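Observations on the model geometry
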Amino acid sequence: MKPRIYLALLIIPLGLILAAVPANTTHPYKLSPQDLLEYVNSGMQYFTPDEVAQMIVSKDPSLVLIDVRSEDEYEKFHLPGAINIPLSSLLEDQWKDYLHQDLRYNVFYSNGTVNSNEAWMLTRQLGYENNYVLQGGLNYWVETIMNPTAPPSTSPDEEIAKYDFRKGASQALGGGAVMESSSQTAPDLPKIAPRPTKKKVDGGC
Amino acid sequence: MGPLINNNLISQNTNFFLAFLVGIGFGFVLEVSGFSSSRKLAGVFYGYDTVVLKVFFTAAIVAMVGLLFMSLFNWIDLDLVYINPTYLWSTIIGGAIMGAGFITGGFCPGTGFCAASIGKIDAIFFIGGLFLGILIFAEAYPMLEPLYKGSFKGSPTLPQALGLKDGVVVLGIIFVALGMFWAGEWAERKFPREEY
């Protein structure tokens, strides 16, 4: 027999095996515990309330606030423009395009930071980039942005400036009292194209 | 667990070094298989020599089978493998231009460099034309951009488009490839050319 017949006889059974076995859909964790620990220690996953307030006030389109609390809690109160992805439904397919993208900063928030950090850790393990956590959660947000306390008059200038900004942001965002949500549903964000993976040199002959 | 680069198992520099080795291997195989002869490449269009078809389809089915087995063994996460995004219009028009250049020049870009490296003068002219084409494209880019980026389809794959399992599509392509090899050999007997 010619060698090409041998090769055909080799490749056809291999193809048959591939056609018969179920596809491998497991995605092993990409992040080692060591990497994750380093990341957590660096605190790089946090957006401070001031940063977020600044982005909301300036209507920064690259910010997507994601409320990971339950739907009820979301409807009672949520940050302006936030969308609701309850932690329990985080892994559903419908959210994948929101969480796995490289156009915007997703900032998770919950009342404290436990749930938002859990959401962050899950997406981090899945290898999704651009997901962050609102530092201190809503509680800290209300404390710092909605009801800022004036620093003593002997404070350094930066503290005073920070307070002034917070006071301004508080007014702009309807602070003083916890605001009622204006819209009950999440705004329709433009459809995000699936995240292209890293550009490589194209092949070809 | 692959891919090596996405999972930071190798550095960018190691990546370039491996790409360099793979590139040299690729060029070597092209030259050894006789791809630096423009007659051999043109032979696919006239049917007297279909070695190009056979080499590239063999490479494709070996790579497909290999990748799927590696995925089964958890050696690689196929979701992380880069897939060229599809822009329908640039694919169609670019494909037609590439095909026309292929048949008139007798090289595709890779084999053109391969032949130039062994000193073929026609290949050197071919590469000159290639750079000229790049220059024209770059200069006309603002005009061509809507066409170039028109009809973006994401990165679809055959199994997704057909709604079939990867393995089934691979088996189908294996049969298509073997059928094409057989048809190619038939064409070689049908349209023989004595010396080329």
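The residue numbering used here restarts from 1 in each chain and proceeds along that chain's sequence as written. To read the labels, note that chains go from A and ligands from 1, taken in the order they are written. Local features are withheld for residues below a pLDDT of 70 in this predicted model, meaning they are given only at 70 or higher, and side-chain atom pairs are given and counted only at 80 or more; totals for whole chains, interfaces and linings count all residues.

Turning next to the overall build of chain B. Comment: elements are numbered from the N terminus, with helices defined as DSSP H or I runs of at least four residues and strands as E runs of at least two. A count of helical and extended segments in chain B gives nine helices and zero strands. Shown N-terminal to C-terminal, the secondary structure of chain B runs as helices and strands in the order α-α-α-α-α-α-α-α-α. Taken across its 196 residues, chain B has 17% of its residues classed as buried. Three classes are used. A residue is buried when 20 or more other C-beta atoms lie within 10 Å of its own, exposed when 12 or fewer do, and partly exposed in between, with C-beta atoms placed from the backbone.

Turning our attention to the sheet that holds strand E2 (residues 63-67) of chain A. Residues and elements named next belong to chain A. Note on pairing: DSSP must find at least two bridges between two strands before they are called paired. Taken in spatial order, the five strands make up an open sheet running E1-E5-E4-E2-E3, and their pairing is parallel. Across the chains shown, the open sheet's two edge strands, defined by having one partner strand only, are strand E1 (46-47) and strand E3 (83-84). As paired strands, strand E4 (residues 105-109) and strand E5 (residues 131-134) are joined by three bridges and run parallel to one another. Along E5, the bridge assignment pairs Val-107 with Tyr-132.

How far a helix is expected to stretch is found by multiplying one less than its residue total by 1.5 Å. Between the first and last C-alpha of helix H1 (residues 3-20) of chain A there are 26 Å, a value that for 18 residues agrees with the 26 Å anticipated at 1.5 Å per step. Here H1 of chain A has its buried residues at Ile-11, Leu-14, Gly-15 and Leu-18 of chain A. What you see down the axis of H1 of chain A is that its buried residues fit within an arc of 105 degrees, all on one side. For H1 of chain A, the exposed residues set more than 90 degrees away from the buried face come down to Ile-5, Tyr-6, Leu-9, Pro-13 and Ala-20 of chain A. On its buried face, H1 of chain A is in contact with helix H3 (51-72) and helix H9 (166-190) of chain B. It is the directions from the helix axis to the C-beta atoms whose arc is reported. Placing C-beta atoms from the backbone, we regard two residues as in contact once those atoms come within 7 Å.

Moving on, we come to the confidence of the model for chain A. For chain A, the mean per-residue pLDDT works out to 79, and 81% of the residues sit at or above 70. Each residue gets a pLDDT score, which is the predictor's confidence in that residue and runs from 0 to 100. The low-confidence segment residues 177-185 of chain A (pLDDT under 50) makes eight contacts with residues lying over four places distant or belonging to another chain.

Attention shifts here to the nonpolar core. Residue and element names in this part refer to chain A. Among the nonpolar cores identified, the biggest contains 24 residues, and Leu-65, Ile-66, Val-107, Phe-108, Tyr-109, Val-133 and Leu-134 are the most heavily contacted of them. Contributing elements (two or more residues each) for this core: helix H3 (49-57), E2, E4, helix H6 (114-125), E5 and helix H7 (137-146). Ignoring anything within four residues of it in the chain, the contact list for Leu-65 reads Leu-79, Gly-81, Ala-82, Val-107 and Tyr-109. To define a nonpolar core, we join buried Ala, Val, Leu, Ile, Met, Phe, Trp, Tyr and Cys residues through C-beta atoms within 7 Å and take the resulting set.

Turning our attention to the pairing of E5 of chain A. Residue and element names in this part refer to chain A. With burial as the criterion, each face of E5 is covered, one bearing Asn-131 and Val-133 and the other bearing Tyr-132 and Leu-134. Looking at chain direction, E1 and E5 are connected through two bridges and run parallel. Within E5, the residue paired with Tyr-46 across the bridge is Val-133. If the strands point away from the viewer and the path from the first strand over the helix to the second runs clockwise, then the crossover is right-handed. Taking the sense of rotation as the criterion, the β-α-β connection linking E4, H6 and E5 turns out right-handed.

Residue and element names in this part refer to chain A. When you tally the buried positions in E4, you get four out of five residues, the bulk of the element. Relative to E4, E2 is paired through five bridges, and the arrangement is parallel. Across the sheet, Ile-66 pairs through a bridge with Phe-108, a residue of E4.

This brings us to the environment of Ser-33 of chain B. All names here are of chain B. Within the secondary structure layout, Ser-33 lies in the loop between helix H1 (12-32) and helix H2 (38-46). Residue Ser-33 is classed as partly exposed on the basis of its C-beta count, with 16 C-beta atoms lying within 10 Å. Each C-alpha atom, one on Ser-33 and one on Val-52, is 8.7 Å from the other, the two residues being 19 residues apart in sequence. Ignoring sequence-local partners within four residues, the contact set of Ser-33 consists of Val-51 and Val-55.

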